[in-house]
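Structural overview for review
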Amino acid sequence: MGIQETPVWHRVAIRLLSICPLLLSAAALSSGTSSILGAKKKAEQVATTNANSDTNNQQPHILRQIPRVLASDFDPNVHYYRSSRNNPLLRYETPVIIEGALSSAECDTLCDTIVAECGSLKIDLQRKRSGGRSNIYNLPLEQAFEAMMQSKHGDATFAFCEGLLDGDLEEKDEESASRLANVRKTLSRCREKLFRRKDATNDMDWFECFPTGAKPSDFVILAGEGATSTLHRDPFEWTGTSVCLEGSKIWRFAPPPGALLLSDDNQEDLSSGSGSDDSNSNNASMDKNNGVSTIDKALRAYRLDSVAWNGNNDDIDNDSIKSMTLSAGWQSNLSFYAHRNDTNNKDDGVIRSAVPMARELDEMEYESGLAGKRNILGAVAADITKLCPNVEKNIARTLWSGVQHPGDLIVIPAYWWHQTYALEPSLAVASQRCGGTRDAGRVVAHILETAELLLAMNEENKEDLAIPTLLQRCGTFEDETPENVVSHLFDYLAKMKKKNDQMHMKNKK
């Protein structure tokens with residue numbers, strides 16, 4: 001057998017060691033460079049374990065796969081934006097994994113730059129252990145990488161770092177600031193070249209027109225083996241994207257009932273393969289949110305404030321009323337990966353996980369090649385008897401699943417609940433866009449709704465602050481420029497906030 005590319009677990013360790021030679025402990029390094037002797041036998045044992053689990057009391061249920069498309073072939077109007085065949089005004093979107101959005105060389109360069117330029121910046125790292133125990137540690141990024149390398153299922157580490165790529169630019173020299181700027185430009189170019197097609201000129205990212213303080217930031221995401229993100233759906237009801245730079249992770253999505261019904265109208269099955277049997281789907285496709293409120297209720301969702309904007313009120317001294325919350329996301333304490341199945345291997349009586357460990361995956365990649373490893377990961381991702389959700393059965397059986405690899409960009413639709421599971425140490429960057437084709441109308445509506453709820457305007461304020469006619473045309477901005485709509489939006493928000501601040505100061509007297 002020829003020499004294979006160094007597996008990801010080893011590759012991350014080597015990269016970090018070369019940049020931060022004192023970073024990794026001897027124990028972590030030695031575990032990351034363990035002997036590959038017996039790799040074939042271990043791979044066979046995992047395969048046997050998986051086969052045995054299929055014959056247990058729980059029969060395997062294979063989820064629908066998230067479509068994959070090459071970056072060179074991706075067309076948002078074909079692979080992402082969907083409409084009812086019988087009524088084009090009824091719209092929905094579906095997730096898609098875009099292969100080769102970044103080249104291997106680009107992924108390596110971005111990883112190296114992030115570690116080198118942001119390694120000393122402090123982040124919040126979550127350590128989550130079995131039984132629901134969780135701790136937050138504030139520590140430098142380079143130490144968070146060390147913890148990530150030692151993560152495992154049942155004692156996993158995860159970090160969701162907002163604004164990390166902006167860094168503390170005032171403390172950086174011109175060369176360092178330029179390197180971080182290049183990271184942001186590369187990520188933006190990777191995303192926008194997929195959506196800014198010649199035949200979709202209005203699908204520019206409207207967030208480019210937002211005031212600097214109101215623009216959503218990129219998120220750098222670190223996940224050790226066994227780490228899960230929170231189960232959530234995104235704020236703003238935008239289009240989300242996430243590009244994987246290193247490692248691999250499972251994605252699972254819960255389609256909103258309206259998307260299921262509309263897909264049936266298109267004779268396209270969005271369920272797990274047996275048709276759309278969601279009992280909560282009645283009339284769901286007719287509401288403005290694709291019926292996702294039924295999923296929200298079933299997942300016991302709660303709201304979390306997101307992006308805040310300081311407005312034009314710098315003369316106000318009280319910081320508590322200087323910012324306005326523009327959006328709120330949805331989160332659940334349930335999980336699409338609540339239980340990792342352990343199965344008794346009858347050959348030697350040893351309890352092994354039905355999901356291969358990161359080091360086992362390394363050895364499989366070395367012995368069987370990248371394609372063999374990816375086939376195993378795909379099978380694990382699609383079988384909910386291996387990584388078992390604790391959500392209602394009618395939701396669990398309609399989940400979509402897929403595995404994201406380095407260079408893959410996944411497109412995340414509004415209204416789709418989602419959660420990730422890291423199979424091995426991984427590094428990714430999540431971003432957001434507000435395309436003119438569909439996102440702009442619902443983003444504007446979301447901002448206005450969130451602002452009105454939080455400001456709790458009285459009757460006098462409501463009369464004085466009637467929403468401008470232009471902004472009431474959510475979803476029909478095709479004949480307006482992004483700059484004009486965004487200008488009207490933030491002028492109105494500034495007026496709304498000023499009025500509310502005046503009321504607040506008056507009530508304090």
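Note that this is a predicted model, so its numbers are computed, not measured. (Residues numbered from 1 in each chain as written. Predicted model: local features only at pLDDT ≥ 70, side-chain atom pairs only at ≥ 80, totals over all residues. Heavy atoms only, no water.)

Quick notes on the overall build of the chain
Inclusion rule: Starting at the N terminus, helices and strands are each numbered in turn, a helix being any DSSP run of H or I of at least four residues and a strand any DSSP run of E of at least two. For each residue, the accessible area found with a 1.4 Å probe, counting protein chains only, is set against the maximum for its type, and the residue is called buried under 20%, exposed over 50%, and partly exposed in between.
Looking only at helices and strands, the chain has 14 helices and 24 strands in total. Counting all 509 residues of the chain, 55% fall into the buried class.

Notes on the nonpolar core
So the rule is basically this: Definition used in this section: a nonpolar core is a set of buried Ala, Val, Leu, Ile, Met, Phe, Trp, Tyr and Cys residues joined via side-chain atoms within 4.5 Å.
Grouped together as the largest cluster of nonpolar side chains are 41 residues, with contacts concentrated most on I98, L222 and L245. One finds L231, I295, W330 and A381 within the second-largest nonpolar core, a separate group that totals 30 residues.

Things to note about the side chain of T385
We apply this condition: The term polar contact refers here to a pair of N or O atoms within 3.5 Å; inside protein, the definition further demands a hydrogen-donor-capable atom paired with an acceptor-capable atom, and it admits residues adjacent in sequence only when both atoms are side-chain atoms.
Of note, T385 is situated in the loop between helix 10 (358-382) and strand 20 (387-388). Exposure remark for T385: the relative accessible area of 4% places this residue in the buried category. One polar contact links T385 to D383, side chain to side chain, over a distance of 2.7 Å.

Looking at unusual backbone geometry
A positive phi angle, close to 55°, is found at E237, a residue other than glycine. Mapped onto the elements, E237 comes out in the loop between strand 10 (231-233) and strand 11 (239-246). When its relative accessible area of 8% is taken as the criterion, E237 is described as buried. Phi is positive for R300, close to 55°, though the residue is something other than glycine. Its place among the elements puts R300 in the loop between helix 9 (292-298) and strand 13 (302-305).

Some remarks on the confidence of the model for the chain
Filter applied, for reference: Scored from 0 to 100, pLDDT reflects the predictor's confidence in each residue. We call two residues contacting when some pair of their heavy atoms lies within 4.5 Å.
Looking at the chain, the pLDDT average stands at 78 and 72% of residues meet or exceed 70. Predicted confidence for residues 17-57 stays below pLDDT 50, and this span has 64 contacts to residues more than four positions away or in other chains.

Quick word on helix 5 (residues 104-118)
Stated formally: One less than the number of residues in a helix, times 1.5 Å, gives the span that helix is expected to have.
Here helix 5 is 15 residues long and its end C-alpha atoms lie 21 Å apart, about the 21 Å a rise of 1.5 Å per residue gives. Within the sequence span of helix 5, burial applies to C107, L110, C111, T113, I114, V115, E117 and C118.

Some details on helix 10
Because the α-helix completes a turn every 3.6 residues, residues three or four places apart line up on one side. Quick note on the threshold: The angle separating two fitted axes, one through the seven residues that finish at a residue and one through the seven that start at it, defines the bend at that residue.
The end-to-end C-alpha distance of helix 10 is 18 Å, clearly below the 36 Å that 25 residues give at a rise of 1.5 Å each. The principal kink in helix 10, of about 130°, is found at S368.

Focus: the pattern of salt bridges
The following threshold applies: Here, a salt bridge means any Lys or Arg side-chain nitrogen found within 4 Å of an Asp or Glu carboxyl oxygen.
In this structure the tally under the stated criterion is 16 salt bridges. In the salt-bridge network here, residues are joined through shared partners; they are E93, R438, D439 and R442.

Observations concerning the environment of Q143
Tracing the chain through its elements places Q143 in helix 6 (residues 141-149). For Q143 and K122, which are 21 residues apart along the polypeptide, the C-alpha to C-alpha distance reads 9.2 Å.

Concerning the packing of helix 5 against helix 7 (residues 174-195)
Each pair of packed helices can be described by the angle between their axes along with the distance between the axes. Put simply, the test is: Note on geometry: axes are lines fitted to C-alpha atoms, helical ones only across the stretch in contact, with angles between N-to-C directions running from 0 to 180 degrees. For classification purposes, angles smaller than 35 degrees are called roughly parallel, those larger than 145 roughly antiparallel, those between 65 and 115 roughly perpendicular, and all remaining angles oblique. It is the rotation of the near helix from the far one that decides the hand of a crossing: anticlockwise by less than a right angle makes it left-handed, clockwise makes it right-handed. In this count, Pro and Cys sit with the nonpolar residues alongside Ala, Val, Leu, Ile, Met, Phe, Trp and Tyr, while Asp, Glu, Lys and Arg are called charged and the others, Gly among them, polar.
Contact pair helix 5 / helix 7: the axes reach a minimum separation of 10 Å and the direction vectors enclose 140°. In terms of axis orientation, helix 5 runs oblique to helix 7. Where helix 5 crosses over helix 7, the two elements pack in a sense that is left-handed. Between helix 5 and helix 7, the contacting residues are L110, T113, I114, E117 and C118 on the first element and S176, R179, L180, V183, T186 and L187 on the second. Partitioned by chemical class, the residues of the contact of helix 5 with helix 7 number 6 nonpolar, 3 polar and 2 charged.

Observations concerning the side chain of R340
Short version of the rule: All tallies of charge rest on Lys and Arg as positive and Asp and Glu as negative; His and the ends of each chain are not included.
With respect to the helices and strands, R340 occurs in strand 17 (residues 339-340). Put simply, R340 is tucked away with no salt bridge, and the nearest opposite charge, on E225, sits 4.2 Å away. Among the polar contacts listed, one links the side chain of R340 to the backbone oxygen of P356, at a separation of 3.4 Å.

Considering the sheet that holds strand 24 (residues 426-433)
Stated formally: Strands qualify as paired when DSSP identifies two bridges or more between them.
The sheet built from 9 strands is open, its strands ordered 2-5-22-11-24-9-8-6-7 with mixed pairing. Two strands bound the open sheet, and with one partner strand each, they are strand 2 (68-70) and strand 7 (134-140). Going across the sheet, the axis of each strand differs from the next one's by a mean of 25°, ignoring polarity. Running at roughly 135° to strand 7, helix 6 makes contact with strand 6 (122-129), strand 7, strand 8 (155-162), strand 9 (219-223) and strand 24 of the sheet. Helix 7 rests against strand 5 (96-99), strand 11, strand 22 (409-412) and strand 24 of the sheet, and its axis sits at about 55° to strand 24.

Details of the packing of aromatic side chains
Let me state the cut-off plainly: Each aromatic pair joins two rings of Phe, Tyr and Trp (for Trp, the six-membered one) with centres within 6.5 Å, and gets the label stacked for planes under 30 degrees apart, edge-to-face for over 60, and tilted for any other angle. Charge-over-ring contacts are defined here by two conditions on Lys NZ or Arg CZ: a distance within 6 Å of the ring centre and an angle within 35 degrees of the ring normal.
Evaluated as defined, the whole model comprises 14 aromatic pairs. Here F207 and F210 contribute two aromatic rings whose centre-to-centre distance is 5.0 Å and whose plane-to-plane angle is 85°, an arrangement assigned as edge-to-face. Judged on exposure class, the residue F207 and its partner F210 are both buried. When the ring of F253 is compared with that of W416, the centres are 6.3 Å apart and the planes differ by 75°; the resulting orientation is edge-to-face. With a gap of 163 residues between them, F253 in strand 12 (residues 249-254) and W416 in the loop between strand 22 and strand 23 (417-422) connect regions that are remote in the sequence. Each member of the pair, F253 as well as W416, is classed as buried. Ring-pair connections join several aromatic residues into one group, and the members of that group are F207, F210, F236, W238 and F490. Across from the ring centre of W400, 4.7 Å away, lies the NZ or CZ of R64, which sits over that ring.

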